[in-house]
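Report on the structure
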Amino acid sequence: VISTWGAIKAMLNAMETHSESAAVQESCCGALRNLVACNEDCKATILSDGGVNAVIATMRKHSVAVGVQEDGCAILRILAGGKDDRSVAVTSAGGVEVVISAMGTHPGSMDVQKHGCGALRNMAARHHRTVAAARGVEAIVRAMGLHSESAGVQEYGCAALANMAAGSEDVRAAVASTDAIDAVVRALAAHGGSVRVQEHGCGALANLAAGAEDVRAKVAAAGGIVAVVMLMGAHSTSVRVQERGCG
């Protein structure tokens, strides 16, 4: 309903008119973030009214404003999830690059890293080569290392790596060539009580192990097989964990 009142258009107009004001950009991005988080109609309206380009433009212009980057990454994460047309719109507008830039500029912000990993996760589901080419795997692994105590960062990080490893064999090999396997195993060990971390971590290891023999060997050498067996026992009631573990 709120979108029919012209609120979204007003915020986008304010962002364009006051493009130099980081405060205006942060306030508008915060409001847009709240809207896309709870309303499918608002997602469609923001997409059709040029909201993706507006958010990416302000993230580029106000790269040092952590609030803009936090809200921007969250908006792109939500918009890139679900329908294919939204993921294509975010990726083709430069979403991968702007998210990775935000993660590199604000390593200490847990929210930037969490929502950045989440945005890359959603874009990687359909555009894994684009994410890999922009060194997205390295950005994800770095975030997981910097914020090892954050279940949210680990969840989205593991999920992003799972999507990357589910793609083509060359991208799977590229993921395995980084510290991604060790990062996932560490996440599983540190967040045993988080079903979501366990689920996505297990999925990442399963997807990696589905690759070439040398990749499977890396998973085994890092303790991945032992970790999966242990978590399946610890989360025996979780269908998703069992599915991923058996996979």
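Reference entry: report on the structure contained in this document. Just so it is clear, the structure is predicted and the values come from calculations on it, not from any experiment.

This brings us to the overall build of the chain. Counting its secondary structure elements, the chain contains 16 helices and zero strands. Of all 247 residues assigned to the chain, the portion counted as buried reaches 51%. With an accessible surface of roughly 10,300 Å², the chain has 54% of that area assigned to carbon and sulfur atoms.

Turning our attention to the side chain of His 127. Summarising the element assignment, His 127 is placed in helix H8 (residues 110–133). For His 127, a relative accessible area of 18% translates into the label buried.

So, about the packing of helix H5 (residues 66–80) against helix H6 (residues 84–92). Where H5 contacts H6, the two axes come as close as 7 Å, and the packing angle between them is 140°. Comparing the axis directions of H5 and H6 gives the class oblique. Here Leu 76, Leu 79 and Ala 80 of H5 come into contact with H6, specifically with Arg 86, Ser 87 and Val 90. Of the residues assigned to the contact of H5 with H6, the class counts are four nonpolar, one polar and one charged.

Glancing now at the packing of H8 against helix H9 (residues 136–146). Contact geometry for H8 and H9: axes closest at 10 Å, N-to-C directions at 155°. In terms of axis orientation, H8 runs roughly antiparallel to H9. Relative to H9, the crossing made by H8 is left-handed. For the pair H8 and H9, the contacting residues are Gln 113, Cys 117, Leu 120, Val 131 and Ala 132 in the first and Gly 136, Val 137, Ile 140 and Ala 143 in the second. Residue composition of the contact of H8 with H9, by class: seven nonpolar, two polar and no charged.

Moving on, we get to the environment of Ser 177. Residue placement: Ser 177 occurs in the loop between helix H11 (169–176) and helix H12 (180–190). For Ser 177, a relative accessible area of 55% gives the class exposed.

Quick look at helix H13 (residues 195–209) now. Here H13 is 15 residues long and its end C-alpha atoms lie 21 Å apart, about the 21 Å a rise of 1.5 Å per residue gives. Judged by how many residues are buried, H13 sits mostly within the fold: 11 of 15 residues are covered. Buried residues of H13: Val 197, Gln 198, Glu 199, His 200, Gly 201, Cys 202, Gly 203, Ala 204, Leu 205, Ala 206 and Leu 208, and no others.

With respect to the secondary-structure elements, Ser 150 resides in the loop between H9 and helix H10 (151–165). The buried category is assigned to Ser 150, whose relative accessible area is 7%. Taking the C-alpha atoms as reference points, Ser 150 and Lys 114, separated by 36 residues in sequence, lie 8.5 Å from one another. In contact with Ser 150, not counting residues within four places along its chain, are Met 110 and His 191. At a separation of 3.1 Å, a polar atom in the side chain of Ser 150 contacts the main-chain amide nitrogen of Val 153.

Rules of the game
Residues numbered from 1 in each chain as written. Predicted model: local features only at pLDDT ≥ 70, side-chain atom pairs only at ≥ 80, totals over all residues. Heavy atoms only, no water. Helix = DSSP H or I, 4+ residues; strand = E, 2+ residues; numbered from the N terminus. Buried < 20%, exposed > 50% of the residue type's maximum accessible area, 1.4 Å probe, protein only. Areas by Shrake-Rupley, 256 points an atom, 1.4 Å probe, with all protein chains shown as cover. Axes fitted to C-alpha atoms, helices over the stretch in contact; angles between N-to-C directions. Parallel < 35°, antiparallel > 145°, perpendicular 65-115°, else oblique. Contact = heavy atoms within 4.5 Å. Nonpolar A, V, L, I, M, F, W, Y, C, P; charged D, E, K, R; others polar. Left-handed = near helix turned anticlockwise from the far one by under 90°. Expected span 1.5 Å × (residues − 1). Polar contact = N/O pair within 3.5 Å; in protein donor to acceptor, adjacent residues only side chain to side chain.

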